[in-house]
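So the chains spell out like this:
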Amino acid sequence: MRFLDQVRAAVRKNNSLVCVGLDPLPEKFPAHIQELNQSIFEFNKYIIDATHDLVCAYKPQVAHYHARGAEDQLQMTIEYIKDNYPDIPVILDSKRGDIGSTADQYATEAFERYGADAVTINPYMGIDTVEPFTRYEEKGTILLCRTSNPGAGAIQNLKVGDQFLYEVIAETAMKDWNHHNNIMLVVGATNPDELKRIRAITGDMTFLVPGLGAQGGDVEATVKSGLNSQGEGIIVNSSRGIIYAGNDENFAEAARAAAIELRDQVNQYR
Ligand SMILES: O=C(O)c1cc(=O)[nH]c(=O)n1[C@@H]1O[C@H](COP(=O)(O)O)[C@@H](O)[C@H]1O
(Lines give C-alpha, C1' and ligand atoms only; values in the text may rest on other atoms or scores of the structure.)
Protein backbone atom coordinates (compact mmCIF):
# COMPACT_ATOMS: atom_id res chain seq x y z
CA MET A 1 0.00 0.00 0.00
CA ARG A 2 1.24 3.52 -0.70
CA PHE A 3 2.45 5.49 2.31
CA LEU A 4 -0.24 8.16 2.03
CA ASP A 5 -2.93 5.48 1.90
CA GLN A 6 -1.40 3.77 4.93
CA VAL A 7 -1.47 7.05 6.86
CA ARG A 8 -5.03 7.82 5.80
CA ALA A 9 -6.18 4.35 6.88
CA ALA A 10 -4.41 4.65 10.25
CA VAL A 11 -5.82 8.16 10.83
CA ARG A 12 -9.32 6.84 10.26
CA LYS A 13 -8.90 3.58 12.17
CA ASN A 14 -7.47 5.25 15.27
CA ASN A 15 -9.20 8.62 14.79
CA SER A 16 -5.81 10.21 15.35
CA LEU A 17 -3.39 12.57 13.62
CA VAL A 18 -0.71 11.88 16.24
CA CYS A 19 2.69 10.40 15.45
CA VAL A 20 4.81 9.24 18.36
CA GLY A 21 8.49 10.03 17.91
CA LEU A 22 10.75 7.17 19.04
CA ASP A 23 13.77 9.22 20.18
CA PRO A 24 15.33 7.00 22.85
CA LEU A 25 17.72 8.50 25.40
CA PRO A 26 18.76 5.62 27.71
CA GLU A 27 19.66 7.99 30.54
CA LYS A 28 16.00 9.06 30.64
CA PHE A 29 14.64 5.51 30.82
CA PRO A 30 13.19 4.23 34.10
CA ALA A 31 15.82 2.39 36.18
CA HIS A 32 14.32 -1.07 35.60
CA ILE A 33 14.52 -0.56 31.81
CA GLN A 34 18.06 0.82 31.89
CA GLU A 35 19.20 -2.48 33.40
CA LEU A 36 17.97 -4.59 30.50
CA ASN A 37 20.03 -5.81 27.58
CA GLN A 38 18.91 -3.95 24.47
CA SER A 39 17.21 -1.37 26.66
CA ILE A 40 16.40 0.87 23.68
CA PHE A 41 14.39 -1.85 21.98
CA GLU A 42 12.71 -2.86 25.25
CA PHE A 43 11.76 0.75 25.99
CA ASN A 44 10.37 1.23 22.48
CA LYS A 45 8.36 -1.98 22.75
CA TYR A 46 6.57 -0.74 25.86
CA ILE A 47 5.85 2.63 24.23
CA ILE A 48 4.58 1.01 21.03
CA ASP A 49 2.38 -1.52 22.85
CA ALA A 50 0.91 1.31 24.94
CA THR A 51 0.15 3.67 22.04
CA HIS A 52 -0.45 1.66 18.85
CA ASP A 53 -4.21 2.28 18.89
CA LEU A 54 -3.76 6.03 19.39
CA VAL A 55 -1.44 6.97 16.51
CA CYS A 56 -1.30 7.29 12.73
CA ALA A 57 2.50 6.75 12.51
CA TYR A 58 5.73 6.18 14.43
CA LYS A 59 8.85 8.21 13.75
CA PRO A 60 12.19 6.85 14.96
CA GLN A 61 14.89 9.55 14.76
CA VAL A 62 18.08 7.85 13.59
CA ALA A 63 20.70 9.90 15.48
CA HIS A 64 19.33 8.52 18.73
CA TYR A 65 20.28 5.02 17.54
CA HIS A 66 23.42 5.73 15.52
CA ALA A 67 24.98 7.75 18.36
CA ARG A 68 25.00 4.62 20.50
CA GLY A 69 25.81 2.05 17.84
CA ALA A 70 22.26 0.79 18.22
CA GLU A 71 21.28 0.38 14.58
CA ASP A 72 20.29 -3.20 15.35
CA GLN A 73 17.76 -1.95 17.89
CA LEU A 74 16.38 0.52 15.33
CA GLN A 75 15.94 -2.37 12.93
CA MET A 76 14.31 -4.51 15.63
CA THR A 77 11.97 -1.64 16.56
CA ILE A 78 10.77 -1.24 12.97
CA GLU A 79 10.37 -5.00 12.60
CA TYR A 80 8.40 -5.10 15.84
CA ILE A 81 5.96 -2.50 14.53
CA LYS A 82 5.63 -4.31 11.18
CA ASP A 83 5.08 -7.70 12.83
CA ASN A 84 2.63 -6.59 15.51
CA TYR A 85 0.93 -3.44 14.23
CA PRO A 86 1.27 -3.59 10.45
CA ASP A 87 -1.38 -0.89 9.97
CA ILE A 88 0.86 1.77 11.51
CA PRO A 89 3.39 3.25 9.05
CA VAL A 90 6.96 4.05 10.08
CA ILE A 91 8.67 7.31 9.15
CA LEU A 92 12.46 7.06 9.36
CA ASP A 93 13.64 10.50 10.42
CA SER A 94 17.12 10.75 8.98
CA LYS A 95 17.05 14.13 7.16
CA ARG A 96 19.41 12.85 4.49
CA GLY A 97 20.57 14.91 1.52
CA ASP A 98 23.51 14.29 -0.82
CA ILE A 99 24.50 13.92 -4.47
CA GLY A 100 22.49 11.39 -6.45
CA SER A 101 24.86 8.44 -6.25
CA THR A 102 25.11 8.81 -2.47
CA ALA A 103 21.41 9.52 -2.11
CA ASP A 104 20.82 6.17 -3.85
CA GLN A 105 22.57 4.53 -0.91
CA TYR A 106 20.59 6.51 1.64
CA ALA A 107 17.34 5.50 -0.08
CA THR A 108 18.45 1.86 -0.02
CA GLU A 109 19.26 2.22 3.69
CA ALA A 110 15.85 3.71 4.54
CA PHE A 111 13.57 1.60 2.40
CA GLU A 112 15.40 -1.70 1.95
CA ARG A 113 17.64 -2.08 4.98
CA TYR A 114 15.19 -0.65 7.52
CA GLY A 115 11.96 -1.23 5.59
CA ALA A 116 10.66 2.25 6.50
CA ASP A 117 7.50 3.49 4.82
CA ALA A 118 8.69 7.09 4.55
CA VAL A 119 11.84 9.09 5.16
CA THR A 120 12.66 12.71 5.98
CA ILE A 121 15.18 14.37 3.68
CA ASN A 122 16.80 17.75 3.18
CA PRO A 123 15.83 19.07 -0.28
CA TYR A 124 18.29 21.94 -0.47
CA MET A 125 20.65 20.13 -2.87
CA GLY A 126 17.94 19.91 -5.54
CA ILE A 127 15.86 17.46 -7.54
CA ASP A 128 18.67 15.02 -8.44
CA THR A 129 19.20 14.43 -4.70
CA VAL A 130 15.47 13.92 -4.08
CA GLU A 131 14.69 11.56 -6.96
CA PRO A 132 16.56 8.53 -5.55
CA PHE A 133 13.92 8.57 -2.79
CA THR A 134 10.77 9.50 -4.76
CA ARG A 135 11.61 6.75 -7.26
CA TYR A 136 10.29 4.35 -4.61
CA GLU A 137 6.74 5.18 -5.59
CA GLU A 138 5.00 3.38 -2.74
CA LYS A 139 7.17 5.11 -0.13
CA GLY A 140 6.84 8.61 1.25
CA THR A 141 9.54 11.27 0.85
CA ILE A 142 9.16 14.09 3.36
CA LEU A 143 11.12 17.27 2.56
CA LEU A 144 12.25 19.79 5.15
CA CYS A 145 10.39 22.98 4.25
CA ARG A 146 9.96 25.24 7.31
CA THR A 147 11.52 23.52 10.29
CA SER A 148 10.57 23.99 13.95
CA ASN A 149 13.93 25.04 15.40
CA PRO A 150 14.64 28.58 16.64
CA GLY A 151 17.30 29.31 14.01
CA ALA A 152 15.23 28.14 11.03
CA GLY A 153 13.85 31.52 10.01
CA ALA A 154 17.24 33.12 9.44
CA ILE A 155 17.69 30.90 6.39
CA GLN A 156 14.27 29.55 5.45
CA ASN A 157 12.56 32.96 5.68
CA LEU A 158 15.07 34.68 3.40
CA LYS A 159 13.35 36.50 0.57
CA VAL A 160 13.76 35.08 -2.94
CA GLY A 161 12.09 37.64 -5.19
CA ASP A 162 8.76 38.23 -3.46
CA GLN A 163 8.62 34.79 -1.84
CA PHE A 164 10.19 33.30 1.24
CA LEU A 165 12.67 30.52 0.60
CA TYR A 166 10.41 28.00 2.36
CA GLU A 167 7.61 29.00 -0.03
CA VAL A 168 9.88 28.33 -2.99
CA ILE A 169 10.60 24.87 -1.61
CA ALA A 170 6.89 24.17 -1.09
CA GLU A 171 5.92 25.38 -4.56
CA THR A 172 8.78 23.63 -6.32
CA ALA A 173 8.10 20.37 -4.48
CA MET A 174 4.44 20.49 -5.40
CA LYS A 175 4.64 21.68 -9.01
CA ASP A 176 7.93 20.32 -10.30
CA TRP A 177 9.06 17.39 -8.17
CA ASN A 178 5.95 15.48 -7.14
CA HIS A 179 5.69 13.26 -10.23
CA HIS A 180 4.74 10.19 -8.21
CA ASN A 181 2.47 12.01 -5.77
CA ASN A 182 4.56 10.76 -2.85
CA ILE A 183 6.19 13.97 -1.61
CA MET A 184 5.27 15.55 1.72
CA LEU A 185 6.72 18.47 3.67
CA VAL A 186 8.03 19.04 7.19
CA VAL A 187 6.48 22.18 8.65
CA GLY A 188 7.12 22.95 12.31
CA ALA A 189 4.28 23.48 14.76
CA THR A 190 6.22 26.41 16.21
CA ASN A 191 5.30 28.50 13.13
CA PRO A 192 1.53 28.52 12.57
CA ASP A 193 1.69 31.54 10.23
CA GLU A 194 4.13 29.78 7.96
CA LEU A 195 2.05 26.61 8.20
CA LYS A 196 -0.97 28.54 6.93
CA ARG A 197 1.01 30.03 4.02
CA ILE A 198 2.39 26.63 3.04
CA ARG A 199 -1.09 25.09 3.20
CA ALA A 200 -2.32 27.84 0.85
CA ILE A 201 0.41 26.95 -1.67
CA THR A 202 0.13 23.17 -1.58
CA GLY A 203 -3.57 22.29 -1.62
CA ASP A 204 -4.17 19.02 0.22
CA MET A 205 -0.53 17.89 0.50
CA THR A 206 0.33 16.06 3.72
CA PHE A 207 2.72 17.64 6.24
CA LEU A 208 4.78 16.15 9.03
CA VAL A 209 4.36 18.65 11.86
CA PRO A 210 6.83 18.33 14.76
CA GLY A 211 7.19 20.90 17.53
CA LEU A 212 4.24 20.24 19.84
CA GLY A 213 4.95 19.14 23.40
CA ALA A 214 8.60 19.72 24.34
CA GLN A 215 9.11 22.53 21.77
CA GLY A 216 6.01 24.37 22.93
CA GLY A 217 3.96 24.61 19.71
CA ASP A 218 0.33 25.61 20.14
CA VAL A 219 -2.12 22.81 19.32
CA GLU A 220 -5.09 24.97 18.33
CA ALA A 221 -3.08 27.27 16.04
CA THR A 222 -1.26 24.31 14.50
CA VAL A 223 -4.38 22.32 13.73
CA LYS A 224 -6.38 25.26 12.44
CA SER A 225 -3.51 26.42 10.22
CA GLY A 226 -2.47 23.01 8.99
CA LEU A 227 -5.55 20.91 8.20
CA ASN A 228 -6.35 20.28 4.56
CA SER A 229 -9.81 20.30 2.98
CA GLN A 230 -10.41 16.74 4.22
CA GLY A 231 -9.83 17.71 7.87
CA GLU A 232 -6.59 15.68 7.69
CA GLY A 233 -3.23 16.28 5.99
CA ILE A 234 -1.11 16.78 9.11
CA ILE A 235 0.91 14.13 10.91
CA VAL A 236 1.46 15.75 14.28
CA ASN A 237 4.62 14.47 15.95
CA SER A 238 5.50 14.55 19.61
CA SER A 239 8.52 12.66 20.91
CA ARG A 240 9.76 13.70 24.37
CA GLY A 241 6.33 14.96 25.46
CA ILE A 242 4.95 11.43 25.10
CA ILE A 243 7.76 8.94 25.60
CA TYR A 244 9.16 10.65 28.72
CA ALA A 245 5.79 11.58 30.23
CA GLY A 246 6.71 9.27 33.13
CA ASN A 247 9.95 7.68 34.32
CA ASP A 248 8.95 5.04 36.84
CA GLU A 249 7.40 1.55 36.50
CA ASN A 250 4.28 3.16 35.04
CA PHE A 251 6.06 5.01 32.23
CA ALA A 252 4.14 3.21 29.49
CA GLU A 253 0.78 4.14 31.04
CA ALA A 254 2.01 7.73 31.35
CA ALA A 255 2.99 7.71 27.67
CA ARG A 256 -0.43 6.36 26.79
CA ALA A 257 -2.14 9.10 28.81
CA ALA A 258 -0.01 11.79 27.10
CA ALA A 259 -0.82 10.36 23.66
CA ILE A 260 -4.55 10.31 24.47
CA GLU A 261 -4.36 13.90 25.67
CA LEU A 262 -2.61 15.09 22.49
CA ARG A 263 -4.93 13.06 20.22
CA ASP A 264 -7.97 14.57 21.92
CA GLN A 265 -6.61 18.12 21.89
CA VAL A 266 -5.88 17.83 18.18
CA ASN A 267 -9.29 16.29 17.41
CA GLN A 268 -11.04 19.06 19.32
CA TYR A 269 -9.96 21.52 16.60
CA ARG A 270 -10.55 19.31 13.54
O1 LIG B 1 11.99 16.07 10.66
C2 LIG B 1 11.66 16.10 11.85
O3 LIG B 1 11.07 15.16 12.35
C4 LIG B 1 11.85 17.35 12.61
C5 LIG B 1 11.81 18.52 11.88
C6 LIG B 1 11.73 19.74 12.54
O7 LIG B 1 11.60 20.81 11.93
N8 LIG B 1 11.75 19.74 13.89
C9 LIG B 1 11.84 18.60 14.63
O10 LIG B 1 11.81 18.69 15.86
N11 LIG B 1 11.97 17.39 14.00
C12 LIG B 1 12.15 16.14 14.78
O13 LIG B 1 10.94 15.91 15.52
C14 LIG B 1 11.23 15.42 16.84
C15 LIG B 1 10.73 16.41 17.84
O16 LIG B 1 10.91 15.91 19.15
P17 LIG B 1 10.20 16.55 20.43
O18 LIG B 1 10.56 17.99 20.44
O19 LIG B 1 10.79 15.79 21.55
O20 LIG B 1 8.72 16.34 20.28
C21 LIG B 1 12.75 15.20 16.86
O22 LIG B 1 12.99 13.86 16.48
C23 LIG B 1 13.28 16.14 15.81
O24 LIG B 1 14.49 15.67 15.24
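The shown structure was predicted, so the numbers you read here are calculated from the model rather than taken from an experiment.

## Looking at helix α7 (residues 127–134)
Among the residues of α7, those classed as buried are T129, V130, P132, F133 and T134. Packed against the buried residues of α7 are α6 (100–113), β4 (118–121), β5 (140–146), α9 (165–177) and β8 (183–187).

## Description of the pairing of strand β10 (residues 234–238)
In terms of burial, β10 is a largely internal element, five of the five residues being buried. Burial of β10 is two-sided: the residues I234, V236 and S238 facing one way and the residues I235 and N237 facing the other way are all buried. Relative to β10, strand β1 (residues 18–22) is paired through three bridges, and the arrangement is parallel. Considered in β10, the bridge of V20 is made with S238. Direction of pairing for strand β9 (residues 207–210) relative to β10: parallel, over a ladder of four bridges. Considered in β10, the bridge of L208 is made with I235.

## Describing the UniProt feature "active site" (unreviewed entry) in the protein chain
If you check UniProt for "active site" (unreviewed entry), the listed places come out as K95 in our numbering. Mapped onto the elements of the fold, K95 is located in strand β3 (residues 91–96).

## Digging into the site of the ligand
Close to the ligand lie 21 residues; Q61, T147, P210, S239 and R240 are nearest. Looking at the shell around the ligand, its residues break down into three nonpolar, 14 polar and four charged.

## Notes on the sheet that holds strand β2 (residues 57–60)
Spatially, eight strands are ordered β2-β1-β10-β9-β8-β5-β4-β3 in an open sheet, and the strand pairing comes out parallel. Of all the strands in the sheet, just β2 and β3 have a single pairing partner and so form its edges. The average angle at which neighbouring strand axes cross in this sheet is 30°, direction not considered. Summarising the sheet, β3 and β4 pair through four bridges and their orientation is parallel. Each residue of the ladder has a partner; that of R96, found in β4, is I121.

So, how was this worked out
- Residues numbered from 1 in each chain as written.
- Predicted model: local features only at pLDDT ≥ 70, side-chain atom pairs only at ≥ 80, totals over all residues.
- Buried ≥ 20, exposed ≤ 12 C-beta atoms within 10 Å, placed from the backbone.
- Helix = DSSP H or I, 4+ residues; strand = E, 2+ residues; numbered from the N terminus.
- Contact = placed C-beta atoms within 7 Å.
- Pairing = 2+ DSSP bridges.
- UniProt positions renumbered as here; feature names shortened; annotations may be inferred.
- Near = placed C-beta within 6 Å.
- Nonpolar A, V, L, I, M, F, W, Y, C, P; charged D, E, K, R; others polar.
- Axes fitted to C-alpha atoms, helices over the stretch in contact; angles between N-to-C directions.

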